[in-house]
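One-letter residues, chain by chain:
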Amino acid sequence: MDTIARLKAALGPQGFSETQAEIAPLLEDWRGRKGHSPLLLKPASSEDVAAILSICHETRTPVVPIGGNTGLAGGQVAQGEVLLSLQRMNRVLAVDGGGMTLTAEAGAVLAQVQDRANEAGLMFPLTLASEGSCTIGGNIATNAGGNHVLRYGMVRALVLGLEVVLADGRVLPMLKHLHKDNTGYDLRQLFIGSEGTLGVVTKAVLRLFPKPAQQVVAFAAVPSPQGALVLLGRMQAATGGLLSAFELVPRIAVELVKRHIPGTRDPLAAPSPWYVLIEVSGGHGANLHDLAQNALASAVEKGEASDAIVAQTGAQARELWRIREGISEAQKREGASIKHDISVPVAKIPAFIAEATAAVTARFPGARPVTFGHLGDGNLHFNFNAPAGGDTGFLAYWDAMQLVVHDIVKSYEGSISAEHGIGNTKRDLLPRYKSAEELDAMRTLKQAFDPRGILNPGKVVAAS
Ligand code: ZN
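What comes next concerns the included structure. Just so we're clear, the structure is a prediction, and the values are computed from it rather than from any experiment.

Thresholds applied
Along every chain, residues carry numbers that run from 1 in the direction the sequence is written. Note on the predicted model: pLDDT of at least 70 is required for a residue's local features to be given, and 80 or more for side-chain atom pairs to be given and counted; whole-chain, interface and lining totals, by contrast, use all residues. Side-chain numbers here rest on the full set of heavy atoms in the structure, without hydrogens or water. Helical segments are the DSSP runs of H or I of at least four residues, strand segments are the runs of E of at least two, and each set is numbered from the N terminus. Computation of the radius of gyration draws on C-alpha atoms, with the globule rule given as 2.2 Å multiplied by the number of residues to the power 0.38. Note on exposure labels: buried denotes an accessible area under 20% of the residue type's maximum, exposed denotes more than 50%, and partly exposed covers the range between, all computed with a 1.4 Å probe on protein chains only. For this analysis, residues touch if any pair of their heavy atoms sits within 4.5 Å. Under this rule, positive means Lys or Arg and negative means Asp or Glu; His and the chain ends count for nothing. To locate a charge, the coordinates of NZ of Lys, CZ of Arg, CG of Asp or CD of Glu are taken. A donor here means an N, O or S atom no more than 2.8 Å from the metal, or no more than 3.2 Å when the metal is Na, K or Ca. Since water is not included, a site may seem to lack partners. What the arc describes is the spread of directions from the helix axis to the C-beta atoms. Cavity and pocket criteria rest on a 1 Å grid covering protein atoms alone: a 1.4 Å probe that fits but cannot get out defines a cavity, protein on both sides within 12 Å along at least 5 of 7 lines defines an open pocket, and an atom within 4 Å of a point defines a lining residue. Grid points are joined across faces, edges and corners, and a volume is the space filled by probe spheres set on the points. For this classification, the nonpolar set comprises Ala, Val, Leu, Ile, Met, Phe, Trp, Tyr, Cys and Pro, the charged set comprises Asp, Glu, Lys and Arg, and every other residue, Gly included, is treated as polar. What qualifies as a polar contact is a pair of N or O atoms within 3.5 Å, subject to a donor-acceptor requirement within protein and to the restriction that residues adjacent in sequence count only when both atoms come from side chains. When DSSP finds at least two bridges between two strands, those strands are taken to pair. Between Lys or Arg on one side and Asp or Glu on the other, a salt bridge is scored when a side-chain nitrogen of the former is within 4 Å of a carboxyl oxygen of the latter. Helix axes use the C-alpha atoms of the stretch in contact, all axes being lines fitted to C-alpha atoms, and the angles between their N-to-C directions lie in the range 0 to 180 degrees. Relative orientations are named as follows: roughly parallel for angles under 35 degrees, roughly antiparallel for angles over 145 degrees, roughly perpendicular for angles from 65 to 115 degrees, and oblique for any other angle. By convention, a stacked pair of Phe, Tyr or Trp rings (six-membered ring in the case of Trp) has centres within 6.5 Å and planes under 30 degrees apart, an edge-to-face pair has planes over 60 apart, and any other such pair is tilted. Put simply, buried Ala, Val, Leu, Ile, Met, Phe, Trp, Tyr and Cys residues joined by side-chain atoms within 4.5 Å make one nonpolar core.

**A few points about the overall build of the protein**
The number of helices and strands found in the protein is 16 helices and 19 strands. Radius of gyration (C-alpha) of the protein: 23 Å, near the 23 Å computed for a compact globule of 464 residues. Looking at the protein as a whole, 52% of its 464 residues are labelled buried. Long-range contacts, defined as pairs at least 24 residues apart, comprise 72% of the intrachain contacts of the protein with a sequence gap of at least 6. The centroid of the 43 positive side-chain charges in the protein is displaced by 1 Å from the centroid of its 44 negative side-chain charges.

**A closer look at the coordination of the zinc ion**
Those protein atoms acting as donors to the zinc ion are His374 (NE2), His381 (NE2) and Glu419 (OE), and they sit at 1.8 to 2.2 Å. Each donor residue of the zinc ion belongs to the same chain, with the gaps between them written as H-x6-H-x37-E. Linking His381 in strand β19 (residues 379-385) with Glu419 in the loop between α14 (398-411) and α15 (430-433), this pair joins segments that are 38 residues apart in sequence. No difference in accessibility class separates His381 from Glu419, as the two residues are buried.

**A few points about helix α4 (residues 110-119)**
Regarding α4, the residues found buried are Leu110, Ala111, Val113, Gln114 and Ala117. For α4, the buried positions fall inside an angular range of 160° around the axis, keeping them on one side. As for α4, its buried residues are in contact with β5 (92-96), β6 (101-105), β7 (122-123), α5 (136-141) and β10 (199-207). A positive backbone phi angle near 80° is found at Gly121, which sits one or two residues after α4.

**Quick look at the layout of surface pockets**
Approximately 720 Å³ is the volume found for the second largest pocket. Along its surface, the second largest pocket is lined by 31 residues, and Gly193, Ile422, Lys434, Met442 and Val460 are the ones closest to its centre. Looking at the lining of the second largest pocket, the elements with two or more residues in it are α7 (187-191), α15 and α16 (436-449). For the lining of the second largest pocket, the leading source of residues is α16, giving 3 residues. Here the lining of the second largest pocket is composed, by residue class, of 13 nonpolar, 11 polar and 7 charged.

**Focus on the side chain of Lys446**
Tracing the backbone through its elements, the reader meets Lys446 in helix α16. A polar side-chain atom of Lys446 sits 2.9 Å from the main-chain carbonyl oxygen of Leu455. Leave out the neighbours within four places in its chain, and Lys446 touches Thr197, Leu198, Pro451, Leu455 and Val461.

**With respect to the pairing of strand β4 (residues 82-85)**
Alternating residues of β4 divide into Val82 and Leu84 and Leu83 and Ser85, and every residue in both groups is buried. The sheet contact formed by strand β2 (residues 40-41) and β4 spans 2 bridges and is parallel. Along β4, the bridge assignment pairs Leu41 with Leu84.

**Remarks on the pattern of salt bridges**
Tallied over the entire structure, the rule returns 23 salt bridges. Asp407 is the salt-bridge partner of Arg432, the closest N and O atoms lying 2.8 Å from each other. Pair noted here: Arg432 is in helix α15 and Asp407 is in helix α14, with a separation of 25 residues, a long-range link. Judged by its relative accessible area of 30%, Asp407 is partly exposed. Residues joined by salt bridges that share partners form a network here, namely Arg251, Glu255, Lys258 and Asp266.

**Here we look at the packing of helix α9 (residues 251-260) against helix α12 (residues 327-334)**
Contact geometry for α9 and α12: axes closest at 8 Å, N-to-C directions at 75°. In terms of orientation, α9 lies roughly perpendicular with respect to α12. Together, Ala253, Leu256, Val257, Arg259 and His260 of α9 and Ile327, Ala330, Gln331, Arg333 and Glu334 of α12 make up the contact between the two elements. Each residue belonging to the contact of α9 with α12 can be placed in one class, and the counts come to 5 nonpolar, 2 polar and 3 charged.

**Observations regarding the packing of aromatic side chains**
Counted by the stated rule, this structure contains 8 aromatic pairs. Here the aromatic rings of Tyr152 and Phe209 are separated by 4.9 Å at their centres, their planes lie at 70°, and the arrangement is edge-to-face. Of this pair, Tyr152 sits in helix α6 (residues 149-152) while Phe209 sits in strand β11 (residues 209-210); the two residues are 57 residues apart in sequence, bridging distant segments of the chain. For the pair Tyr152 and Phe209, one class covers both residues: buried. Each ring, one from Phe364 and one from Tyr397, has its centre 5.3 Å from the other, and the planes form 50°; the classification is tilted. Within this pair, whereas Phe364 is found in the loop between α13 (349-363) and β18 (368-374), its partner Tyr397 is found in the loop between β19 and α14, the two being separated by 33 residues in sequence. Among the aromatic residues, those joined into a ring-pair cluster are Phe352, Phe382, Phe384 and Tyr412.

**Let's talk about the sheet that holds β2**
Ordered in space as β1-β2-β4-β3, the 4 strands form an open sheet in which the pairing is mixed. A strand with exactly one partner marks an edge of an open sheet, and here the two such strands are β1 (16-17) and β3 (63-66). Here helix α3 (residues 46-59) sits on the sheet and contacts β2, β3 and β4; the angle it forms with β4, its principal contact strand, is near 160°.

**Some remarks on the nonpolar core**
Within the largest apolar cluster, 51 residues are counted, with the highest numbers of intra-cluster contacts made by Leu231, Met235, Phe246, Ile278, Phe352 and Met401. Other than its neighbours up to four places away in sequence, Leu231 contacts Ala220, Val222, Phe246, Val276, Ile278, Leu296 and Ala299. If you look at the next biggest cluster of nonpolar residues, it comprises 34 residues, including Ala144, Leu172, Ile192 and Phe449.

**Considerations on empty space enclosed by the protein**
This structure, assessed with the given rule, holds 1 cavity of 30 Å³ or more. By volume, the largest cavity amounts to about 30 Å³. Every residue lining the largest cavity is listed: Met123, His148, Tyr152, Pro212, Gln215, Ser244, Glu279 and Ser281.

And the structure:
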């Protein structure tokens, strides 16, 4: 029996598809990168995943694991390999209100996990623009970030336990509910952010948090990124550390969102070069609405902000978030854009923006900077749209522009991939920005966990 036949026999008729109509949507990512695959495997259990990988290991058959296909670094795009989708393993298995944990299969959609936590009177704080379709397994494999990292950390900080199937089909049973476990190497953390190159995550125990009794969303106009940073400090101090999001938004992003996302409007009367979206979440004590309102009023009085609005209703809060969440889509509808997902130390953000924007616009005249993102944790989406009405050929500058930006990132001791990962799109950049020693250690791990190189080959680290 050939390998494909063995894989199909191991899963039964429900467990695979060779229909290109079903496979095709999993082969093109959000940015239009296309791949190909002869076979989609759809295991229903961890045992199925183990059976698949043991066959693939034995026969040296490469596999690409895929979640909701929302990754932005090409990590999930198959180039002829067998696709392994966890879409049928999509159950929330347990919610433990007292212990504040939720156990889910890897294919559970993030929004579903958020809902189940919410029903239990708790909260799972990971929020991303793609939460309606991305999966927990994908979030873990990519160590997803999103809008609440400032307060709750990245996925790495939200996972207590994992079940992982190794390349040879053995299962690592690490599905624990422990906050403290110092029994040697933290194997779990190796798989978080490994983009499916070291093992396949099949189940996870996630940390839940108390649902904030109050949540306040505000939008403030600031003169500059430096002004935004000053306001960040003021708001942290005024709320006693209750900020749950602090997002930088430039004027051009508001304009693009208004132009391309129906039902959006300017949140403030007069235009401002920069804005921040602020979210404050917390307890029953102080009235957070008044606290935020007063802090912002002082900021305006001191000239740190020119104007600010605090949402009065849930609908208004969602409207403000919609501006922030609509930026990527609006950029896409506006035309070609070149993107960077970078981080630098928070205090260095203003200097970085000034230096890198000047360097890019000098070298690529007309490129329109659309710099936005998670100011509170130092992660910017440092993007450039093509000159107005001039898309032609703009994307040909991708590599040259990236080099300019990433070299400046390096000089600020930052990261060239803050939250989107490496996939295949940034793999070959790593030797320029990571030390030979770190890369060597990464290759050693890859070799140890996947000696035959069958797991998501060519992603994150090049085959040695
Ligand atoms: Zn982001």
